[in-house]
Amino acid sequence: MSDSAPATPARPVLDVWCDLQCPDCRTALDDLRALRERYGDRLDVTLRHFPLDKNKHAYAAAQAAEEAADQGQGWPYVEALLARVSEYGSSGEQLLLDVARELGLDADEFDTALIDGRHTLIVDADQAEGKAIGVTGTPTYVIGGERLDGGQSQDGLRERIETIVDRLLAEGA
């Protein structure tokens, strides 16, 4: 980077620790949409994978979300998958491929990615980092060094996140 390049202020980052088979994470989508609408490109929202052991297809779903990101449709895939969280029981991992097809993604590549495990390290790293910082359930948010647990209740979390983001933006992030 050139020393003469103007400095750009850092944007706050909201890490969202999520299990893509979790009904609470589906519910959290409304808050995430509202935050993205309010802050636009002034806030980076980052999906972090935290598949819970109790959810049989969550680990594969996390890998599939990474494949969707590689194909340029990460958030649309995550949102479409979470919208259909109640369908996991009847269709299992087939749901991951169906959602990919519906979004016009290369479902054959999804299938290959799930077999060859090319995204396993990303999912494992997210999960390990989550455990290291005390994530125990989903959704969990980390913003400005604060961890907010939405697994028990999401009441008031969006407002708390907005307060933190507003403070970080005022400080220049």
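Look above for the structure.
To start, this report covers the structure provided alongside it. (Residues numbered from 1 in each chain as written. Predicted model: local features only at pLDDT ≥ 70, side-chain atom pairs only at ≥ 80, totals over all residues. Heavy atoms only, no water.)

### Remarks on the packing of aromatic side chains
Logical step 1: The tally for this structure, following the rule as stated, stands at one aromatic pair.
Logical step 2: For the ring pair Tyr77 and Phe110, a centre distance of 5.2 Å and an interplane angle of 40 degrees mean the geometry is tilted. Here the residue Tyr77 occupies a position in helix H3 (residues 74-83), and Phe110 occupies one in helix H6 (residues 107-116), the gap between them amounting to 33 residues. Of the two residues, Tyr77 and Phe110, neither departs from the other in class, the shared state being buried. (Phe/Tyr/Trp six-rings, centres within 6.5 Å; stacked < 30°, edge-to-face > 60°. Helix = DSSP H or I, 4+ residues; strand = E, 2+ residues; numbered from the N terminus. Buried < 20%, exposed > 50% of the residue type's maximum accessible area, 1.4 Å probe, protein only.)

### A word on helix H5 (residues 94-102)
Logical step 1: Those residues of H5 not exposed but buried are Leu95, Leu96, Leu97, Val99 and Ala100.
Logical step 2: Where H5 ends, the next residue or the one after it, Gly104, has phi of about 75 degrees, a positive value.

### Some thoughts on the layout of surface pockets
Logical step 1: Considering only enclosed or pocket space, the largest pocket measures out at about 160 Å³ in volume.
Logical step 2: Every residue along the wall of the largest pocket is listed here: Val45, Thr46, Leu47, His49, Ala65, Glu66, Ala69, Gly74, Trp75 and Val78.
Logical step 3: Residue assignment for the lining of the largest pocket shows that the elements contributing at least two residues are strand E2 (44-49), helix H2 (58-70) and H3.
Logical step 4: The dominant element in the lining of the largest pocket, judged by the number of residues it contributes, is E2, at four residues. (1 Å grid on protein atoms, 1.4 Å probe; cavity = no way out; pocket = protein on both sides within 12 Å on 5 of 7 lines; lining within 4 Å. Points joined across faces, edges and corners; volume = space filled by probe spheres on them.)

### Description of the environment of Ala61
Logical step 1: With respect to the helices, strands and loops of the structure, Ala61 is situated in helix H2.
Logical step 2: With 20 residues separating them along the chain, Ala61 and Leu81 place their C-alpha atoms 8.4 Å apart.
Logical step 3: Those residues in contact with Ala61 that sit more than four places away from it in its chain are Leu20, Leu81, Tyr88 and Leu96. (Contact = heavy atoms within 4.5 Å.)

### What to know about the pairing of E2
Logical step 1: Judged from the six bridges that link them, strand E1 (residues 13-18) and E2 form a sheet pairing that is parallel. Bridging across to E2, Val13 finds its partner in Asp44.
Logical step 2: Traced from E1 through helix H1 (residues 23-39) to E2, the parallel crossover comes out right-handed. (Pairing = 2+ DSSP bridges. Right-handed = clockwise from strand over helix to strand, strands pointing away.)

### Some thoughts on the pairing of strand E3 (residues 140-143)
Logical step 1: Judged by which residues are buried, E3 turns out to be covered on both faces: Thr140 and Val142 on one side and Tyr141 and Ile143 on the other are all buried.
Logical step 2: Bridge count between E1 and E3: four bridges; the pairing is antiparallel. By the bridge assignment, Asp15 is partnered in E3 with Val142.
Logical step 3: As defined by bridge partners, E3 adjoins strand E4 (residues 146-149) across four bridges and the pair is classed as antiparallel. Bridging across to E4, Ile143 finds its partner in Glu146.
Logical step 4: As consecutive antiparallel partners, E3 and E4 are separated by two residues, and within that stretch Gly144 has a phi angle of approximately 55 degrees, a positive value.

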